[in-house]
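The lines below spell out each chain.
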Amino acid sequence: MSTAAPRTAGPDHLWSVDEHLADILATVRPLEPIELQLLDAQGCVLVEDITVPVSLPPFDNSSMDGYAVRVADIAGASEQYPAALEVIGDVAAGQADLLHVGPGQAARIMTGAPLPPGAETVVPVEWTDGGLGEGPAAGMRARSLAPEGATGQVCVHRPAPARAHVRAKGSDVRAGDRALEAGTVLGPPQISLLAAIGRGTVRVRPRPRVVVLSTGSELVQPDEELRPGQIYDSNSFALTAAARDAGAIAYRVGAVADDAATLRDTIDDQLVRADLMVTTGGVSVGAYDVVKEALSYAADEDEPGSGVDFRRVAMQPGKPQGFGSIGPDHTPLLALPGNPVSSYVSFELFVRPAIRTLMGLGDVHRPRTRAKLTADRALTSPKGRRQFLRGRYADGTVTPVGGADSHLVAALAQANALIVVPEDVESLAPGTEADVVLLG
């Protein structure tokens, strides 16, 4: 995988959100296409148009269990005056040698079976006596239990027009049609179509492999006992889940203690399975900000062009950010802040678009809309920063959820949107229309 070198700026430069994102998207490149088996291609993006080699359905077939007949033979049929026809045999799905239906004849036909020569329409079994000489039948008995049902006589109680209950050849797609366009994400319906037209493999951009790593000596894994000064590691779980939601194959690495050498060794070990590395924590200006210590290095002879640039971005939450590439393959790395809300907002704004870019998608951003703000009081925002507040969006309105603090995980769990307050706006009054990023 090749990446362009990220831009650098002086230590006093305050990056805008748009500048930082543009640098990431200019650096990250889509993964190279590969040929995959259908089920392995689920969630991947097509890199070629798919043309239908054979029509669907490939032949006229019945959409009902019933009898294949000629239209003239059942014209005027009723329960009082049924049309009595000779049953000449069965036509089952997958059958190659077909019967010929002549005047006064009927072939018992199963759903999906080819319409036999001579037949013009299909009468559902419920419109007949099922060959039992009684009233309307509820269904057919299994052939193994009643083989005599394929012969004898059947009475039809209702007429049917030509080609009733017949699925026409090519009524779904025709040979030569374009089934799927390049850029399509392959979900279950698309994989079903590919299988239906006989494609066993497909050329796609693979789902990117994303390694998520949290840092901090205070972090404890869920289900372990908390000791004084410790907290549970939630960031690595949140960001791994978010990466999977974005379409990636994501791997979570347990929290790494605040030791630069250990962190660098861990990252080096993980590069073998990473198309993108994401770290959380240790990117600010403290004495124990281990990510910044471990990765703020100049390119060496073995890794020309690599390195991570730590930046201040004019946003709240998430001001400290890091971005660059590491390792011999110049694997892109995004270093996010450690506060839970800061890391999640940063993921949505920067990491998710990077993942979608690796996938080769055209639109890499979450959908946005305008919504009327419903709140008890005006929302305030620091001048010169773009603020992202958690909100609940419904029916054209958005309501703030929780406060602006970047540690409020419970409020984040209730949000389905981010309320965007621009850099030049310091107060947003109730009833005002606001830009909203939709998360769900």
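Here goes a summary of the coordinates provided. For clarity, every value in this text was computed on a predicted model and none was experimentally measured.

Rules and cut-offs
- Throughout, a residue's number is its position along its own chain's written sequence, starting from 1.
- In view of the model being predicted, local features appear only for residues whose pLDDT reaches at least 70, and side-chain atom pairs are presented and counted only at 80 or more, with totals across whole chains, interfaces and linings using the full set of residues.
- Note that water and hydrogens are dropped before the side-chain values are worked out from all heavy atoms of the structure.
- Buried residues are those whose accessible area, probed at 1.4 Å on protein chains only, stays under 20% of the maximum for their type, while exposed residues exceed 50% and partly exposed ones sit between those limits.
- Elements are defined by DSSP. Helices are runs of H or I of four residues or more, strands are runs of E of two residues or more, and each kind is numbered from the N terminus.
- As used here, the arc is the angular range of directions from the helix axis to the C-beta atoms.
- Interaxial angles span 0 to 180 degrees and are taken between N-to-C directions of axes, which are lines fitted to C-alpha atoms, for helices over the stretch in contact.
- Just so you know how the angles are binned, under 35 degrees is roughly parallel, over 145 roughly antiparallel, 65 to 115 roughly perpendicular, and the rest oblique.
- Definitions for this section: a left-handed crossing has its near helix turned counterclockwise from the far helix by less than a right angle. A right-handed crossing has that turn clockwise.
- By definition, residues are in contact when any of their heavy atoms lie within 4.5 Å.
- Under the scheme applied, nonpolar residues are Ala, Val, Leu, Ile, Met, Phe, Trp, Tyr, Cys and Pro; charged residues are Asp, Glu, Lys and Arg; polar residues are all the others, including Gly.
- The rule for pairing is simple: two strands pair if DSSP sees at least two bridges between them.
- Aromatic pairing here means that ring centres of Phe, Tyr or Trp (its six-membered ring) are within 6.5 Å. Orientation follows from the plane angle: under 30 degrees is stacked, over 60 is edge-to-face, and everything else is tilted.
- In this scheme, the term charge over a ring applies when either NZ of a lysine or CZ of an arginine sits within 6 Å of the ring centre and within 35 degrees of the ring normal.
- Within this analysis, patches are made of residues with over 30% relative accessible area and no salt bridge. Like charges are joined at 9 Å or less; nonpolar side chains (Val, Leu, Ile, Met, Phe, Trp, Tyr) at 5 Å or less.
- All accessible-area figures derive from a Shrake-Rupley calculation using a 1.4 Å probe, and residue coverage is judged against the displayed protein chains alone.
- Put simply, a salt bridge is a Lys or Arg side-chain nitrogen that is within 4 Å of an Asp or Glu carboxyl oxygen.
- Residues scored as charged are limited to Lys and Arg (positive) and Asp and Glu (negative), so that His and the chain ends carry no count.
- Charged side chains are reduced to one point each, which is NZ for Lys, CZ for Arg, CG for Asp and CD for Glu.

**Brief notes about helix 1 (residues 17–27)**
One turn of the α-helix equals 3.6 residues, which is why residues spaced by three or four share an orientation. If you check which residues of helix 1 are buried, you get Val17, His20, Leu21, Asp23, Ile24 and Thr27. Taken end-on, helix 1 shows its buried residues confined to a sector of 155°, consistent with a single buried face.

**A word on the packing of helix 1 against helix 7 (residues 340–359)**
Running from amino to carboxyl end, helix 1 crosses helix 7 at an angle of 25°, the nearest separation of the two axes being 10 Å. The pairing of helix 1 with helix 7 is recorded here as roughly parallel in orientation. Judged by the sense of rotation from one axis to the other, the crossing of helix 1 with helix 7 is right-handed. Side by side, helix 1 and helix 7 meet where Val17, His20, Leu21, Ile24 and Leu25 of the first sit next to Leu349, Phe350, Pro353, Ala354 and Thr357 of the second. Looking at the contact of helix 1 with helix 7 residue by residue, the class counts come to 8 nonpolar, 2 polar and no charged.

**Here we look at helix 3 (residues 188–196)**
Those residues of helix 3 not exposed but buried are Ile191, Leu193 and Leu194. Relative to the axis of helix 3, the buried residues are bounded by an arc of 160° and lie together on one face. In helix 3, those exposed residues whose orientation departs by more than 90 degrees from the buried face are Pro188 and Pro189. Lining the buried residues of helix 3 we find strand 4 (50–51), strand 12 (178–180) and strand 13 (201–205).

**A short note on the sheet that holds strand 2 (residues 34–37)**
In spatial order, the strands read 2-13-3; together these 3 strands make up an open sheet with antiparallel pairing. Of all the strands in the sheet, the pair left with one neighbour each is strand 2 and strand 3 (45–46). Of the strand pairs in this sheet, strand 2 and strand 13 are connected by 4 bridges, and their pairing is antiparallel. Directly across from Gln37, in strand 13, lies its bridge partner Thr201.

**Comments concerning the sheet that holds strand 19 (residues 307–313)**
Strands sit in the order 1-19-21-22-18-14-17 across an open sheet of 7 strands; the sheet is mixed. What marks the edges here is a single partner per strand, and that holds for strand 1 (14–15) and strand 17 (249–256). Where strand 1 meets strand 19, 2 bridges bridge the pair, whose relative direction is parallel. The residue bridging Leu14 from the neighbouring strand is Arg312, located in strand 19. Helix-sheet contacts for helix 4 (residues 235–246) involve strand 14 (209–215), strand 17, strand 18 (276–280) and strand 22 (331–336), and the interaxial angle to strand 17 is about 170°. Its contacts with the sheet place helix 7 against strand 14, strand 18, strand 21 (320–326) and strand 22, and it is angled at close to 165° to strand 22.

**Considering the packing of aromatic side chains**
Applying the stated rule across the entire model yields 0 aromatic pairs. When the ring centre of Trp15 is taken as origin, the NZ or CZ atom of Arg311, which lies over that ring, is 3.8 Å away.

**A few points about a negative patch on the surface**
A cluster of like negative charges, contributed by Asp259, Asp265, Asp269 and Glu293, occupies part of the molecular surface. In this fold, Asp265 is placed in helix 5 (residues 260–270). For Asp265, a relative accessible area of 46% corresponds to the partly exposed category.

**Observations regarding the pairing of strand 6 (residues 66–69)**
Bridge count between strand 6 and strand 8 (residues 105–109): 4 bridges; the pairing is antiparallel. Bridged to Ala68 within strand 8 is Ala107. In the sheet, strand 6 pairs with strand 9 (residues 121–124) via 4 bridges, with the strands oriented antiparallel. Of the residues in strand 9, the one forming a bridge with Ala68 is Val122.

**Details of the pattern of salt bridges**
For the structure on display, the rule yields 19 salt bridges. Between Asp18 and Arg386 there is a salt bridge, and its shortest N-O distance comes to 3.1 Å. Separated by 368 residues along the polypeptide, Asp18 in helix 1 and Arg386 in strand 25 (residues 386–394) bring together distant segments of the chain. Given a relative accessible area of 45%, Asp18 falls into the partly exposed group. Of the charged contacts in the structure, one is a salt bridge between Arg143 and Asp90, with a shortest N-O distance of 2.7 Å. Of this pair, Arg143 sits in the loop between strand 9 and strand 10 (153–156) while Asp90 sits in strand 7 (residues 83–91), placing them 53 residues apart in sequence.

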